[in-house]
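Fold and geometry: a report
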Amino acid sequence: ALEVDYSDATVVFLYLIPRGLRLIKSVLLRGRCPTEETTNTLLPPLRVITYMAPFADEQYERKEICVVDHQKGAEWPIYLYTLGGEGKEATKKSNENGSSQGL
């Protein structure tokens with residue numbers, strides 16, 4: 001997962017422990033955050049859904065609880081993020097235009 005090119009991705013679903021999320025975040029952000037070299041070639045923001053564990057240093061945009069019938073009382077969190085580019089502003093514009101499909 002750390003050697004994959006995610007530049008064409010628009011949405012990624014991750015089921016990783018917190019350490020894995022820390023490691024993969026820089027890979028996902030590659031080319032999506034402004035630097036002196038990428039100002040004119042910035043990739044669009046990436047929507048990321050994490051299951052069970054949140055990114056430690058990111059504020060999620062939305063959190064849902066997944067309840068399953070086969071395990072009574074179990075509730076597992078699902079988090080939605082937008083990483084890179086304009087981040088939440090891009091998501092807000094997307095929602096205003098009706099293009100968001102939710103989680």
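Given the structure is predicted, the values throughout are model-derived calculations rather than measurements.

Now for helix H1 (residues 18-29). Its twelve residues give H1 an end-to-end C-alpha distance of 17 Å, which sits within 8% of 16 Å, the value for a rise of 1.5 Å per residue. Those residues of H1 not exposed but buried are Gly20, Leu21, Ile24, Lys25, Val27, Leu28 and Leu29. Elements that come into contact with the buried residues of H1 comprise strand E1 (11-14), strand E2 (46-51) and strand E4 (75-83). Of the residues flanking the end of H1, it is glycine 31, one or two places downstream, whose phi is positive at about 85°.

Structurally, the position occupied by glutamate 3 is in the segment before E1. In the structure, glutamate 3 is positioned 24 residues away from valine 27 in sequence and 8.0 Å away in space, judged by C-alpha atoms.

This part is about the packing of aromatic side chains. Summed over all chains, the structure comprises four aromatic pairs. Ring plane angle 55° and centroid distance 5.2 Å describe the contact between tyrosine 60 and tyrosine 79, whose orientation is recorded as tilted. Of this pair, tyrosine 60 sits in the loop between E2 and strand E3 (62-67) while tyrosine 79 sits in strand E4, placing them 19 residues apart in sequence. Residue classification places tyrosine 60 among the partly exposed residues on the basis of a relative accessible area of 31%. Connected via pairs of aromatic rings, a cluster forms that spans Phe13, Tyr15 and Tyr51.

Before going further, it helps to spend a moment on the sheet that holds E4. An order of E1-E2-E4-E3 is seen for the four strands of this open sheet, with the pairing classed as mixed. Unpaired on one side and paired on the other, E1 and E3 mark the two borders of the sheet. Sheet twist, expressed as the mean angle between neighbouring strand axes with direction ignored, is 20°. Across the sheet, H1 is in contact with E1, E2 and E4; its angle to E1 comes to roughly 170°.

It is worth spelling out the confidence of the model for the chain at this point. Chain-level pLDDT for the chain is 83 on average; 77% of the residues reach the 70-or-more range. The element-level mean pLDDT for the chain is lowest in helix H2 (residues 88-96), coming to 44, with E1 highest at 97. Here residues 87-102 scores under 50 on pLDDT; set against residues more than four positions off or in separate chains, the count is 14 contacts.

Further remarks concern the pattern of salt bridges. Scanning the entire structure with this criterion turns up three salt bridges. In this structure, glutamate 64 and arginine 62 form a salt bridge, with 2.8 Å as the shortest nitrogen-oxygen distance. Residue classification places glutamate 64 among the partly exposed positions, given a relative accessible area of 31%. The network of salt bridges with shared partners includes Lys25, Asp57 and Glu58.

What counts as what
Residue numbering note: each chain is counted from 1, following its sequence as written. With the structure being a predicted model, the display of local features is reserved for residues of pLDDT at least 70 and the display and counting of side-chain atom pairs for 80 or more, all residues being used for whole-chain, interface and lining totals. Side-chain numbers here rest on the full set of heavy atoms in the structure, without hydrogens or water. Put simply, DSSP H or I for four residues or longer makes a helix, DSSP E for two residues or longer makes a strand, and each gets a number counted from the N terminus. One less than the residue count of a helix, multiplied by 1.5 Å, gives the span that helix is expected to have. Buried means the residue's accessible area, taken with a 1.4 Å probe over protein chains only, is under 20% of the maximum for its type, while exposed means over 50%, and partly exposed covers the values in between. By definition, residues are in contact when any of their heavy atoms lie within 4.5 Å. The pairing test for Phe, Tyr and Trp rings, Trp by its six-membered ring, is centres within 6.5 Å, and the orientation test on the planes gives stacked under 30 degrees, edge-to-face over 60, and tilted for anything in between. Only strands joined by at least two bridges in the DSSP assignment are considered to pair. Angular values range over 0 to 180 degrees, each being the angle between N-to-C directions of two axes fitted as lines to C-alpha atoms, with helices fitted over their stretch in contact. Confidence of the prediction at every residue is given by pLDDT, a number between 0 and 100. Salt bridges are defined as contacts in which a side-chain nitrogen from Lys or Arg sits within 4 Å of a carboxyl oxygen from Asp or Glu.

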